[in-house]
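Structure assessment
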Amino acid sequence: MKYKKGIIRSSIIILILSLFVGCGNGSGNNNQATNGATGNPPVADKGGEKLPITLTTARPIGSDVIFINGEDITNNVHNKWAKDTLGIEIKDLWTTADNTAYHTKLRLALSTNEELPDVFVVQDRSLVADLIASGKVMDISEAYEQYASERLKGLYGEFSEALNQLKTENGLYGLPIFTSGDGTNPVLWIRQDWLDTLKLEAPKTIEDFEKVMDAFTNGDPDGNGKKDTIGFAFSARENFSNWMSDASFIFGAYSGKAIPGSWTEIDGKLKLGSVLPEMKPGLAKMKDWAAKGYLDAESPILDPIKATESFIQGRAGMIAAPSWSEGWPLNGLYSTNKDAKIDVYPLPVGSDGKSARFMNTLNENKVVVFNKNFKNIDRFFEYFDKIYDVVYETGDFKYGYFEGYDYVLVNGEPVYDSKKFPTPLEKGPTPSKYSLFWNTPEIPLKGSAIANRLYNGATPTTVGEKKAATQNEVTIKAGSINFDLKASNSPNQFLGAPTQTMRSKGESLDKMILETYARIVFTDKSIDDFDTLVKDWYDKGGQQIEDEVNTWYQSVK
Amino acid sequence: MSVVLLEKKDEGIPVQIPVQQSRLDRFKKGFKRTWPLHVLILPAFILTILFHYVPMLGLVIAFQDYKPWLGFFKSEWVGLTHFRNLFMFEDSVNVIWNTLIISVLKISFGVSVPVVFALLLNEVRNIGLKRSIQTLVYLPHFLSWVILGGILIDVLSINGGLVNRVITSLFGIDPIFFLGTGNWFRTTLVVSDIWKEFGFSAIVYLAAIAGINPSLYEAAEVDGATRWKQILHITIPGMLPIIVVVGTLQLGNILNAGFDQVFNLYNPLVYREGDIIDTFVYRNALLEGNFSFATAIGLFKSVISFGMVVYSYRLAYKYANYRVW
């Protein structure tokens, strides 16, 4: 209670204070911030030496950013490199200790009319929407066409849907900063020792899956003579599609494309998966399973991480979790059960091989945007391309960022483990986090593609492959399966700002869906109430939301 | 006034002669003597104005469609739309009811349980035991609901949680899904909240008991009163003013059912019985960035709470002779 009161009170204070600040020295502030960028004339890159420019930014500098040699964020090897090689002097207007404070400060800057940094990253969809609506960020559609390098255009062309996050009917207001892309897509983890004990094969279809669950529940797989095991662990507290402890694939096996909680294109129109009739068979199946005791009756009160505990404690035999989960949190199983063996398999599919599974956005909602008054966007694109050298393993950054920082060459071979450096470092510095993007921007799905090659017997040759090859076997297998399953990825295709009706009614409607789903599966609520849910959803504002979403979809198509 | 009279008295002039002085003069004279006190209170006064009254201007956004980049002056005025929306949601009526039910239960047990506990503890003769019990029971007060929420989920689990294991072995009934069935959920909220807070709340009652004049007990003993009679006729009447004050002031919290607690424990199965105003605001307004709507609900709550505080202050004055000044 005090907590919430505090929020409201402090936000009101902030608003009030910001009012004064806004009135008081709006123009005074501006000078300081823009001097650097706008003070210099734009540089025509016609043969001659590039004029040095100053580029302002702002970013969170957490304890995970590690410096050595007495460097800090304003003075480090990366900034020096940018200045010497590209003639870009990076200047931090302000920094914060964490992401939340960073976004609060940005929001404050927006409401006080403080000048925004030239280039800055935002990881908050509603803030991005506000920034675009405020008219203070730059439309970069022309600049992108003109200055983006070929390989960047190729990359964004391949994953062009991600650009929809920043598109409006008027233009393109920034760029998504890609992450590994499929890092939170689920694969199926199974207690291999249980399968072996019961002499079962890993499930390939939903029918197999049901049989295995039945055996895990009733066949006493842990051999203690008690009926104390369940088939499958998942979380239903926030959604049925989750980044951990997921259940989306059960619905996907019947729909083939849509999953709960995501907007999916069907016949040219975006539809919310949760209220499609295709969800009904999956839901009915889960109700049946819950009644038979295959599922944990407590799933609705467990959040995605808490839900992994029944697997870790050796009570549940299967769980759908990301490809890196064996390293954490599932490895917890080994500490209580030394003989346990975890293996990873593709998610079971429906009839005719139908499947779909949860997928986050390729950039985990991280985007870079630009101040409207930023004059040197050409130079930014040059910098952006250079940073991608690390991922493409070309140019200055062929082995990594900076020798002596993230790698050291020993006899011409790069060493990445800082503990094995000629002068070992307990905590290696993180030059990847000195960049404007908080971390190295990646090529989506590349990690799992590498895992796939390695799993199929390729010898690691590139830097990326060599790094990946140091992972344990089951993690590489999981990555490979993650890659194989990419056809079943069902990302949310609505990437625009929350629409008007979503903002006013969306939460209530989401709550209604989740409540009905959970009650159908875990209580005596009838499966036919699903039809009532669909009707209610459309009547109580869902229709408006669907129309607004499709207006957006037409505008970016 | 009294100051003036005292001076006159010292000079030997009869008190009953009215001293004709204008209010301003009296104020001037008084101020001359007391100005250091005013200076002392000034910083607190300024801070109160600055941080408690000036921010109230921000309430205007409850009547606007507030956009951060437009500010207070350019955001569109929408009148009472947000308040109307609050009551248009079929959720919101449900949510307000839940809040009332949960907080009334919490207030009534939250007052009575510590009183009973304080009475019982007061009867413990062994000082060492008394002290250690007191320390033990107020410890949970210092745990946050984020931690307790996780602990409760484990302790109340239907899969071998401590509580259910005790219940099944003692009574031979099926495990109870405390956090997943509506009425049990409310009970769990109230009981766990009382468990967490009763020790801490009892401190004030123990202090009240300690303040009762021992000669009353001695006199009662001489008259042959039993311990029970002593509690009934001395201890309870002695505590009554403070019980009434605490109880009535709690009424100001009638719309606060405990955000931290509910937020960490509620789930899709008990939305209908467990969703309260604060969690509703959190999801609908703060997560969605609807600052105006959040402020409107905050204002609504504050007005109700203000009314309750005024009313309860009257009650406290009437029944316990409690006054702030």
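Residues numbered from 1 in each chain as written. Chains lettered and ligands numbered in written order. Predicted model: local features only at pLDDT ≥ 70, side-chain atom pairs only at ≥ 80, totals over all residues. Heavy atoms only, no water.

The name given to chain A in an unreviewed UniProt entry is ABC transporter substrate-binding protein, with Paenibacillus antarcticus as the source organism.

**Overview of the domain arrangement of chain A**
All names here are of chain A. Per the domain assignment, the segments making up chain A are domain 1 (8–14 + 34–44 + 51–181 + 362–444) and domain 2 (186–359 + 491–556). Summarising the inter-unit geometry, the C-alpha centres of domain 1 and domain 2 are found 36 Å apart. Taken together, the contact between domain 1 and domain 2 spans 11 residues of the former and 10 residues of the latter. Between domain 1 and domain 2, the buried area comes to about 970 Å², and carbon and sulfur atoms account for 52% of it. (Domains from an automatic or database assignment. Contact = heavy atoms within 4.5 Å. Buried area = accessible area lost by both parts, 1.4 Å probe.)

**Some remarks on the packing of helix H5 (residues 90–122) of chain B against helix H6 (residues 127–138) of chain B**
Residue and element names in this part refer to chain B. Here H5 crosses H6 at 160°, and the two axes come no closer than 10 Å. It follows from the interaxial angle that H5 and H6 lie roughly antiparallel. Crossing of H5 against H6: the hand is right-handed. Across the interface between the two elements, Phe-117, Leu-121 and Asn-122 from H5 touch Lys-130, Ile-133, Gln-134 and Val-137 from H6. Tallied by class, residues from the contact of H5 with H6 come to four nonpolar, two polar and one charged. (Axes fitted to C-alpha atoms, helices over the stretch in contact; angles between N-to-C directions. Helix = DSSP H or I, 4+ residues; strand = E, 2+ residues; numbered from the N terminus. Parallel < 35°, antiparallel > 145°, perpendicular 65-115°, else oblique. Left-handed = near helix turned anticlockwise from the far one by under 90°. Nonpolar A, V, L, I, M, F, W, Y, C, P; charged D, E, K, R; others polar.)

**Topic: the sheet that holds strand E10 (residues 342–345) of chain A**
Residues and elements named next belong to chain A. Taken in spatial order, the four strands make up an open sheet running E6-E9-E5-E10, and their pairing is mixed. Every other strand in the sheet has two partners, leaving strand E6 (230–233) and E10 as the edge strands with one partner each. This sheet shows a mean twist of 25° between the axes of neighbouring strands, independent of strand direction. Here E6 pairs with strand E9 (residues 316–322) via three bridges, running parallel. Counterpart to Ala-233 in the pairing with E9 is Ile-319. Across the sheet, helix H8 (residues 206–218) is in contact with strand E5 (186–191), E6 and E9; its angle to E6 comes to roughly 120°. (Pairing = 2+ DSSP bridges.)

**Looking at the pairing of strand E1 (residues 53–60) of chain A**
All names here are of chain A. Within E1, eight of the eight residues are buried, which leaves the element mostly enclosed by the surrounding structure. Neither face of E1 is left uncovered, since the one carrying Ile-53, Leu-55, Thr-57 and Arg-59 and the one carrying Thr-54, Thr-56, Ala-58 and Pro-60 both have all their residues buried. With eight bridges joining them, E1 and strand E2 (residues 88–96) adopt parallel strand pairing. Paired with Thr-57 across the two strands is Asp-92, which belongs to E2. Between the parallel elements E1 and E2, the chain passes through helix H2 (residues 77–86) in a crossover that is right-handed. (Buried < 20%, exposed > 50% of the residue type's maximum accessible area, 1.4 Å probe, protein only. Right-handed = clockwise from strand over helix to strand, strands pointing away.)

**Describing the sheet that holds strand E3 (residues 119–122) of chain A**
Residue and element names in this part refer to chain A. The sheet built from three strands is open, its strands ordered E3-E12-E4 with antiparallel pairing. At either end of the open sheet lies a strand with only one pairing partner, and these are E3 and strand E4 (175–176). Of the strand pairs in this sheet, E4 and strand E12 (residues 367–370) are connected by two bridges, and their pairing is antiparallel. Residue pairing in the sheet places Pro-176 in a bridge with Val-367 of E12. Against the sheet, helix H13 (residues 377–387) makes contact with E3, E4 and E12, and its axis sits at roughly 155° relative to E12, the strand it touches most.

**Structural notes on the interface of chain A and chain B**
Many authors give the size of an interface as the accessible area that is lost as the parts come together. Tallying the contact residues gives 44 residues for chain A and 50 residues for chain B. Among the ionic pairs, Glu-507 of chain A bridges to Arg-283 of chain B, the shortest N-O distance being 3.9 Å. At the junction of chain A and chain B, the tally comes to 12 residue pairs in polar contact (both at pLDDT 80 or more). Taken together, the elements giving at least two residues each to the side of chain A that touches chain B come down to helix H1 (2–39), helix H3 (99–111), helix H4 (125–134) and helix H18 (500–522) of chain A. When residues in the side of chain A that touches chain B are grouped by element, the largest group, 12 residues, is from H18 of chain A. Looking at the side of chain A that touches chain B residue by residue, the class counts come to 22 nonpolar, five polar and 17 charged. (Salt bridge = Lys/Arg side-chain N within 4 Å of Asp/Glu carboxyl O. Polar contact = N/O pair within 3.5 Å; in protein donor to acceptor, adjacent residues only side chain to side chain.)

**Observations concerning the nonpolar core**
Residues and elements named next belong to chain A. Counting residues in hydrophobic clusters, the biggest one holds 99 residues, and the most contacted among them are Trp-189, Phe-232, Met-286 and Leu-295. Per-element accounting of this core gives the leading share, 10 residues, to H18. In this structure Phe-232 touches Leu-188, Phe-209, Met-213, Asp-246, Phe-249, Ile-250, Tyr-294, Leu-295, Asp-296, Met-318, Ile-319 and Ala-320, once residues within four positions along its chain are discounted. By size, the runner-up hydrophobic cluster in this structure holds 72 residues, among which are Leu-55, Leu-131, Ala-162 and Phe-380. (Core = buried A, V, L, I, M, F, W, Y, C linked by side-chain atoms within 4.5 Å.)

**Notes on the packing of H8 of chain A against helix H10 (residues 279–292) of chain A**
Between two packed helices, both the angle of their axes relative to each other and the distance between the axes serve to describe the pair. Residues and elements named next belong to chain A. Across the interface, H8 lies against H10 with an axial gap of 11 Å and an inter-helix angle of 15°. As the angle between them shows, H8 and H10 are arranged roughly parallel. The two elements H8 and H10 cross, and the hand of that crossing is right-handed. Every residue of H10 that contacts H8 at Ile-206, Phe-209, Glu-210, Met-213 and Thr-217 is listed here: Lys-285, Asp-288, Trp-289 and Lys-292. By residue class, the composition of the contact of H8 with H10 is four nonpolar, one polar and four charged.

**Notes on the packing of aromatic side chains**
Evaluation of the coordinates by the stated rule reveals 59 aromatic pairs over all chains. Seen from their ring centres, Trp-94 of chain A and Tyr-102 of chain A are 5.6 Å apart, and the 45° between their planes marks the pair as tilted. Tyr-102 of chain A carries the same exposure label as Trp-94 of chain A, and that label is buried. Pairing Phe-280 of chain B with Phe-293 of chain B gives two aromatic rings, centres 6.4 Å apart and planes at 70°, and the pair type is edge-to-face. With Phe-280 of chain B in helix H14 (residues 277–286) and Phe-293 of chain B in helix H15 (residues 291–320), the pair connects residues that are 13 residues apart, well separated along the chain. (Phe/Tyr/Trp six-rings, centres within 6.5 Å; stacked < 30°, edge-to-face > 60°.)

**Comments concerning unusual backbone geometry**
Residue and element names in this part refer to chain A. Trp-328 connects to Pro-329 through a cis peptide bond whose omega is 0°. Within the element layout of this structure, Pro-329 appears in the loop between E9 and helix H12 (332–336). Phi at Ser-245 is positive, roughly 55°, even though this residue is not glycine. Here Ser-245 shows up in the loop between E6 and helix H9 (248–255). Overall, Ser-245 belongs to the buried group, its relative accessible area being 0%. The phi angle at Asp-267 is positive, at roughly 50°, despite the residue not being glycine. In this fold, Asp-267 is placed in the loop between strand E7 (263–266) and strand E8 (269–272). Asp-267 sits in the exposed class, given a relative accessible area of 76%.

**So, the domain arrangement of chain B**
Residue and element names in this part refer to chain B. According to the domain assignment, chain B contains domain 1 (2–77) and domain 2 (88–320). For domain 1 and domain 2, the distance between their C-alpha centroids amounts to 37 Å. The interface is formed by nine residues belonging to domain 1 together with five residues belonging to domain 2. It is Leu-59, Ile-61 and Ala-62 in domain 1 that bury the most area against domain 2; as a group they hold 66% of the surface buried on that side. Tallied by class, residues from the side of domain 1 that touches domain 2 come to six nonpolar, two polar and one charged.

**As for the side chain of Asp-296 of chain A**
Tracing the sequence through the fold places Asp-296 of chain A in the loop between H10 and helix H11 (309–312). There is a polar contact of 2.9 Å between the side chain of Asp-296 of chain A and the side chain of Arg-315 of chain A.

**Brief notes about the pattern of salt bridges**
Any two side chains of opposite charge can pair, on the condition that their charged atoms come close. Under the criterion given, the structure shown has 35 salt bridges over all chains. With a closest N to O distance of 2.8 Å, Arg-59 of chain A and Asp-92 of chain A form a salt bridge. Here the residue Arg-59 of chain A occupies a position in strand E1, and Asp-92 of chain A occupies one in strand E2, the gap between them amounting to 33 residues. No difference in accessibility class separates Arg-59 of chain A from Asp-92 of chain A, as the two residues are buried. The residue Glu-210 of chain A makes a salt bridge to Lys-285 of chain A at a minimum N-O spacing of 3.1 Å. One end of the pair, Glu-210 of chain A, is in helix H8; the other, Lys-285 of chain A, is in helix H10, and 75 residues separate them in sequence. A single network of salt bridges, built from pairs that share partners, joins Glu-507 and Lys-511 of chain A together with Asp-91, Asp-275 and Arg-283 of chain B.

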